Amino acid sequence: MTRLVVVHAGLSTPSSTRLLADRLSAATLEALGQPVDLTVVELRDLAHELADNLLTGFPTGALADAVEQVRRADALIVVTPVFSASYSGLFKTFFDVLEPGTLAGTPVLVGATAGTARHSLVLEHALRPLFAYLRAVVVPTAVFAAAEDFADPDLERRVHRAGAELAALLGVASAPAAADRAQSFEEQVAAPLDFEDLLRRASDPRG
Amino acid sequence: MQLGIFTVGDVTTDPTTGRTPTEHERIKATVAIAKKAEEIGLDVFATGEHHNPPFIASAPTTTLAYIGAQTERIILSTATTLITTTDPVLIAENYAKLQHLTDGRVDLMMGRGNTGPVYPWFGKDIRQGLNLAVENYALLHRLWREDVVDWEGRFRTPLQGFTSTPRPLDGVAPFVWHGSIRSPEIAEQAAYYGDGFFHNHIFWPASHTQRMVAYYRQRFEHYGHGTADQAIVGLGGQFFMRRDSQDAVNEFRPYFDNAPVYGHGPALEDFTEATPLTVGSPQQVLERTLSFRDYVGHYQRQLFLIDHAGLPLKTVLEQLDLLGEILPDLRAGFAEGRPAHVPDAPTHASLVAAAGGAHDSTVHAVDDVTGRRAEEVSA
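From a predicted model like this one, the values you see are computed outputs, not experimental measurements.

### Things to note about the overall build of chain A
A count of helical and extended segments in chain A gives 9 helices and 7 strands. The C-alpha atoms of chain A give a radius of gyration of 18 Å, which matches the 17 Å a tight globule of 207 residues would have. Each of the three principal axes of chain A carries a C-alpha extent, and together these read 65 × 40 × 30 Å. The buried share among the 207 residues of chain A stands at 49%. Put simply, 80% of the contacts in chain A that link residues at least 6 apart link residues at least 24 apart. Of the side chains in chain A, 17 bear a positive and 26 a negative charge, and the two mean positions are spaced by 4 Å.

Here you go:
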């Protein structure tokens, strides 16, 4: 079954960031028209473990589970509140602790919330480059919601367009990039290495 | 089963007093700790290698030779030797010399280091770290086993007719361990050569150590060095003990909370649960240590980190006294249920025996038989 993972960095309860994330996942499910294995990762609950990971170098407990869910995801929906003209530190920290290549080829729908519409280009200037760097495939429509947008039918149109774009990308555009997605240790050693080959490659000046 | 300690040689402020030892004090303390390790009956003392403050762990063979001169029994080792940025010719020379001076009480653990700038400081490219480890060790392995080496590789200047001196003591190379926390390539390297594999163990969850060791064991068997359970495995460990476990927690907490690696991060309780760190009574340290076998199998070497994070020398020596008290029980526990076919870690004596006895391997510049000099022979 398709694995869709929602990651959001909303801090309050209830959270408008969570609200936007829920709308985006509902629109994606509707566009897919089939059952999906849906996981929601609330970064607020992982804040301490994220700080620990920065210092110790390894994820523990629920954070380790969340990292593994994201690594295995077929598509991601990521939503952050805007803090100081960018994604929040909590949001960035989660993507900082992922192994390089974790998101290679993964379709990603990006969203952001803020108190004012003046922050709307954060999606294009901060989130899109971040996920481009991580070699994810970001859908064309990024969804921004200021407080007043929650009363505007245009938000719902953008949400549905973005959800449909993510659904359309699932399993289509990402295959070559996903081929070198970061592997778990088990996957790395599923076919054992060959040391003679490592020796040859070590001394190959083209390597 | 070999039991010992390893140090990274950090010069760290004692958070309870605000005092930072001088380099001189820390270097002398390292020697005192090593001598104490022999006194309480440990088998191994290993030092790390760093080339930057706040460490005093550069020039490891100088330290080990000085300790070797003041001890009689303990094996002197490294944790780790930087195979990436150190010329393998110098490693071959330095450790063969140490082998002679200490009558064979030497082995080494290869590692890639954890300080990025060491690569450029020594003229290397960090992106080639793994390749450097593979090629450099391939050369080191030959330098200790072949009297005359012709070599051309990618990372150092070629060698023609080169003899690394002194030749290894009794014609037997020092035993080598390969240390890596997370690179299966290094476990593969250890397995290929039939060398030991050491997992640092202390900063990562047990489940990860278990996977790395299992991979090494499987590949050791694949390369025909024995069965998987005969592979040579070493683990790191970390403890702080007092007779009363609550005293241990109270005394160690400020050192943990301010430790250079994980300080100001996870709570002591969470970290002791996630990693092998044990803070408590001698009985708790004993039981926790013996439980490592549950996930790596019967193994050959257990090293503890006990002198880091600003712990004063007096405290470290007290830790060793307590370790000495549980040492007989640790040895008895590790011997329990250990199948006869599981080997001990190789030592100089066992390697000499396996080679059919000691033979002097001196390479003379003048041919003993014909009396001709090397230049005349090659002319």
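Back to the write-up after that little detour.
### Observations concerning the side chain of K36 of chain B
Within the secondary structure, K36 of chain B is located in helix α1 (residues 23–39). Each residue touching K36 of chain B, except ones within four places of it in the same chain, is listed here: L317, L320 and D321 of chain B.

### Focus on the interface of chain B and chain A
Chain B puts 32 residues into the contact, and the matching count from chain A is 24 residues. Counting each side, the surface lost to burial between chain B and chain A is near 2,300 Å², with a carbon and sulfur contribution of 64%. Linking chain B to chain A there are 2 salt bridges. Linking R182 of chain B and E99 of chain A is a salt bridge whose minimum nitrogen-to-oxygen distance equals 2.7 Å. For the interface between chain B and chain A, the tally reads 9 residue pairs in polar contact (both at pLDDT 80 or more).

### A closer look at the packing of helix α4 (residues 89–96) of chain A against helix α5 (residues 122–133) of chain A
Residues and elements named next belong to chain A. Their axes nearest at 12 Å, the elements α4 and α5 cross at an angle of 5°. Taken together, the axes of α4 and α5 are roughly parallel relative to one another. The segment α4 lies against α5, with F91, K92 and F95 engaging L127, L130 and F131. Of the residues assigned to the contact of α4 with α5, the class counts are 5 nonpolar, no polar and 1 charged.

### Side note on the packing of helix α2 (residues 47–56) of chain A against α4 of chain A
Residues and elements named next belong to chain A. Following both chains from N to C, one finds α2 and α4 inclined at 50°, their axes separated by 10 Å at the closest point. Viewed along their axes, α2 and α4 adopt a mutual orientation that is oblique. Considering the relative orientation of α2 and α4, their crossing is left-handed. Residues A47, L50 and L54 of α2 form the contact with α4, whose own contacting residues are L90, T93 and F94.

### Topic: the nonpolar core
Membership of the largest hydrophobic core comes to 108 residues, with the highest contact counts inside it found for I5, L42, W144, Y216, F252, L323 and L330 of chain B. In contact with W144 of chain B, other than residues within four places in its own chain, are I91, A92, Y95, A96, L108, R167, P168, A173, P174 and V176 of chain B. In terms of nonpolar packing, the next biggest core, distinct from the first, is built from 38 residues, V7, L63, F91 and V138 of chain A among them.

### Re helix α7 (residues 206–222) of chain B
For α7 of chain B, with 17 residues, the first-to-last C-alpha span of 24 Å sits near the 24 Å given by 1.5 Å per residue. Inspection of α7 of chain B places H208, T209, M212, V213, Y215, Y216, R217, R219 and F220 of chain B among the buried residues, and these make up the whole buried set. In this fold, the buried residues of α7 of chain B make contact with α8 (185–188) of chain A together with α6 (184–193), β9 (196–199), β10 (233–241) and α11 (293–296) of chain B.

### Some words on the pattern of salt bridges
All names here are of chain B. According to the stated counting rule, one finds 30 salt bridges over all chains in the structure shown. The closest approach of N and O atoms between K36 and E39, which form a salt bridge, is 3.7 Å. Pair noted here: K36 and E39 are both in helix α1, with a separation of 3 residues, about one helical turn. Look at E39 and you get exposed, because its relative accessible area is 61%. Between D321 and K36 there is a salt bridge, with the nearest N and O atoms lying 2.8 Å from each other. Here D321, found in helix α12 (residues 313–335), pairs with K36, found in helix α1; they are 285 residues apart in sequence, far enough to count as distant.

### Description of the confidence of the model for chain B
Mean pLDDT over chain B stands at 95; residues scoring 70 or higher make up 96%. The complex prediction reports pTM at 0.91, with the ipTM value standing at 0.84.

### Describing the packing of aromatic side chains
For the structure shown, the criterion picks out 25 aromatic pairs over all chains. Here the aromatic rings of F58 of chain A and F271 of chain B are separated by 6.4 Å at their centres, their planes lie at 35°, and the arrangement is tilted. Residue F58 of chain A is found in the loop between α2 and α3 (61–71), and its partner F271 of chain B is found in helix α9 (residues 268–274); the two belong to separate chains. Here the two residues F58 of chain A and F271 of chain B agree in accessibility, since each one is buried.

### Overview of the pairing of strand β1 (residues 3–8) of chain A
Residues and elements named next belong to chain A. Within β1, 5 of the 6 residues are buried, leaving the element largely enclosed by the surrounding structure. Pairing analysis gives 6 bridges linking β1 to strand β2 (residues 37–42), with the strands arranged parallel. Looking at the pairing, V5 lines up with T39 of β2. Handedness of the crossover joining β1 and β2 through helix α1 (residues 16–32) is recorded here as right-handed. Sheet topology note: the β1/strand β3 (residues 75–83) ladder contains 5 bridges and is parallel. When the sheet's bridge partners are listed, V6 is paired in β3 with I77.

### Structural notes on the side chain of E49 of chain A
All names here are of chain A. Take E49: it is sitting in helix α2. No salt bridge is formed by the buried E49. Its closest oppositely charged neighbour is R44, at 11 Å. A polar contact of 3.4 Å, which involves the side chain of E49, links it to the backbone nitrogen of A62. If we ignore the near neighbours within four places in the chain, the residues touching E49 are T60, G61, A62 and L63.

### Remarks on the environment of V40 of chain A
Residue and element names in this part refer to chain A. Among the structural elements, V40 can be located in strand β2. With 34 residues separating them in the primary sequence, V40 and V6 have C-alpha atoms 4.6 Å apart. Residues within four places of V40 in sequence aside, it is in contact with V6, H8 and R18.

Each value, and the rule that gives it
- Residues numbered from 1 in each chain as written.
- Chains lettered and ligands numbered in written order.
- Predicted model: local features only at pLDDT ≥ 70, side-chain atom pairs only at ≥ 80, totals over all residues.
- Heavy atoms only, no water.
- Helix = DSSP H or I, 4+ residues; strand = E, 2+ residues; numbered from the N terminus.
- Rg over C-alpha atoms; globule rule 2.2 N^0.38 Å.
- Buried < 20%, exposed > 50% of the residue type's maximum accessible area, 1.4 Å probe, protein only.
- Contact = heavy atoms within 4.5 Å.
- Lys, Arg positive; Asp, Glu negative; His and termini not counted.
- Charge placed at Lys NZ, Arg CZ, Asp CG, Glu CD.
- Buried area = accessible area lost by both parts, 1.4 Å probe.
- Salt bridge = Lys/Arg side-chain N within 4 Å of Asp/Glu carboxyl O.
- Polar contact = N/O pair within 3.5 Å; in protein donor to acceptor, adjacent residues only side chain to side chain.
- Axes fitted to C-alpha atoms, helices over the stretch in contact; angles between N-to-C directions.
- Parallel < 35°, antiparallel > 145°, perpendicular 65-115°, else oblique.
- Nonpolar A, V, L, I, M, F, W, Y, C, P; charged D, E, K, R; others polar.
- Left-handed = near helix turned anticlockwise from the far one by under 90°.
- Core = buried A, V, L, I, M, F, W, Y, C linked by side-chain atoms within 4.5 Å.
- Expected span 1.5 Å × (residues − 1).
- pLDDT = per-residue confidence, 0-100.
- Phe/Tyr/Trp six-rings, centres within 6.5 Å; stacked < 30°, edge-to-face > 60°.
- Pairing = 2+ DSSP bridges.
- Right-handed = clockwise from strand over helix to strand, strands pointing away.

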